[in-house]
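Coordinates in review
Here are the chains, one letter per residue:
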Amino acid sequence: MALYHHFLERRSKRLDHQLQKENVVFEKQLAFMQDRHSKRLDALDRLGHFLMEFDHAVRHIAGGGIGYSEELHDFYAKARTLGRETESLLGPSAYQAVIAWTDTGRKVLDASFVVTERTAGVAKQRGLPLDRLAELEALVGTKHAVRDGGASILQGYDDDQRSTWKRTILETCELSEEFDQDAYNSAVSAFHKVRDEITRTLPAPPAYPGS
């Protein structure tokens, strides 16, 4: 019995030692995965911030705010650089989503404002002076470069008229085919989908020793 107890005690100590070693490994693996997940979330937050600022600029430019061009270029570069730097962390789908979003968005600068019947109709409804309304109606179907902020549509307007009517007129113009609004919205949605998949999937730790 004494010999049996001796062997049993030795075996118990070996098992305890093995469990302690495995527990240390487990805790290190868990800490590593938690740290990695935290870094992924941080990278997504930063990417999301850059892309939201980029989107903000795109939508202002689409409404005639050409002053947002510098901001658009700035956040275009920042988002793509961070997307490339974090590709190994977030995966290629996230980087491709960033590329698609920024590529389709930047094309707003290549587009033109197209004056439509609706443009003239809304302006008339809101009281655009008759002489200016006649000029606007004569422009229906014509294109005016977004890069110029639609300046040729408002040619001849004084500062007060331009300040009063620019937004109404440009926001009711259509954008030419160089900027595909549907493709842009799809690219934005695709990034959000990738982001949601990453944030929803917390890495599972390895099975705890002895479980």
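Structure shown above.
Report on the accompanying structure. (Residues numbered from 1 in each chain as written. Predicted model: local features only at pLDDT ≥ 70, side-chain atom pairs only at ≥ 80, totals over all residues. Heavy atoms only, no water.)

What follows is about the overall build of the chain. Scanning the chain for helices and strands turns up eight helices and three strands. Reading the chain from its N terminus to its C terminus gives the helix and strand order α-α-α-α-β-α-α-β-α-β-α. The buried share among the 211 residues of the chain stands at 36%. A separation threshold of at least 6 residues defines the contact pool for the chain, and within that pool the share at least 24 residues apart is 78%. Accessible surface for the chain amounts to roughly 12,900 Å². Of this, 52% is attributable to carbon and sulfur atoms. (Helix = DSSP H or I, 4+ residues; strand = E, 2+ residues; numbered from the N terminus. Buried < 20%, exposed > 50% of the residue type's maximum accessible area, 1.4 Å probe, protein only. Contact = heavy atoms within 4.5 Å. Areas by Shrake-Rupley, 256 points an atom, 1.4 Å probe, with all protein chains shown as cover.)

In this section: the pattern of salt bridges. Here the structure, examined in full by the defined rule, presents nine salt bridges. Note that D103 is salt-bridged to R80, the shortest N-O span being 2.8 Å. Of this pair, D103 sits in helix α4 (residues 92–106) while R80 sits in helix α2 (residues 69–85), and the two are 23 residues apart along the sequence. The exposure class assigned to R80 is buried, which follows from its relative accessible area of 18%. Here R147 makes a salt bridge to D110, at a shortest N to O gap of 3.0 Å. Of this pair, R147 sits in the loop between β2 (143–145) and α7 (159–172) while D110 sits in the loop between α4 and β1 (112–114), placing them 37 residues apart in sequence. (Salt bridge = Lys/Arg side-chain N within 4 Å of Asp/Glu carboxyl O.)

Here the focus is the environment of Q96. The residue Q96 is located in helix α4 in this model. By relative accessible area, which is 47% here, Q96 ends up partly exposed. Along the primary structure Q96 and R80 are separated by 16 residues, whereas in three dimensions their C-alpha atoms are 9.6 Å apart.

Structurally, S112 is set in strand β1. Residue S112 is classed as buried on the basis of its relative accessible area of 15%. The residues contacting S112, other than those within four sequence positions of it, are K143, H144, A145, V146, E174, L175 and S176.

Closest axis-to-axis distance for the helix α5 (residues 117–125)/helix α6 (residues 130–138) pair is 9 Å, and the angle between their directions is 170 degrees. Considering their axes alone, α5 and α6 lie roughly antiparallel with respect to each other. Between α5 and α6, the residues in contact are T119, A120, A123 and K124 and L133, L136 and E137, respectively. Its residues assigned to classes, the contact of α5 with α6 shows four nonpolar, one polar and two charged. (Axes fitted to C-alpha atoms, helices over the stretch in contact; angles between N-to-C directions. Parallel < 35°, antiparallel > 145°, perpendicular 65-115°, else oblique. Nonpolar A, V, L, I, M, F, W, Y, C, P; charged D, E, K, R; others polar.)

Our next topic: the sheet that holds β1. Pairing within the open sheet is antiparallel, and its three strands lie in the order β2-β1-β3. The sheet terminates laterally at β2 and β3 (174–175), the two strands that pair on one side only. (Pairing = 2+ DSSP bridges.)

The biggest cluster of nonpolar side chains holds 44 residues, and the ones touching the most others in it are F54, L72, W101, I153 and I169. Residue assignment for this core shows that the elements contributing at least two residues are α1 (2–62), α2, α3 (87–90), α4, α6, α7 and α8 (181–200). No other element matches the nine residues that α1 contributes to this core. (Core = buried A, V, L, I, M, F, W, Y, C linked by side-chain atoms within 4.5 Å.)

Moving on, we get to α2. With 17 residues, α2 should reach 24 Å at 1.5 Å per residue; the first-to-last C-alpha distance of 24 Å fits that figure. Within α2, burial applies to S69, L72, F75, Y76, A79, R80, L82 and G83. For α2, the angular spread of the buried residues around the axis is 165 degrees, confining them to a single face. For α2, exposure combined with an orientation more than 90 degrees from the buried face picks out E70 and E85. (Expected span 1.5 Å × (residues − 1). Arc of directions from axis to C-beta.)

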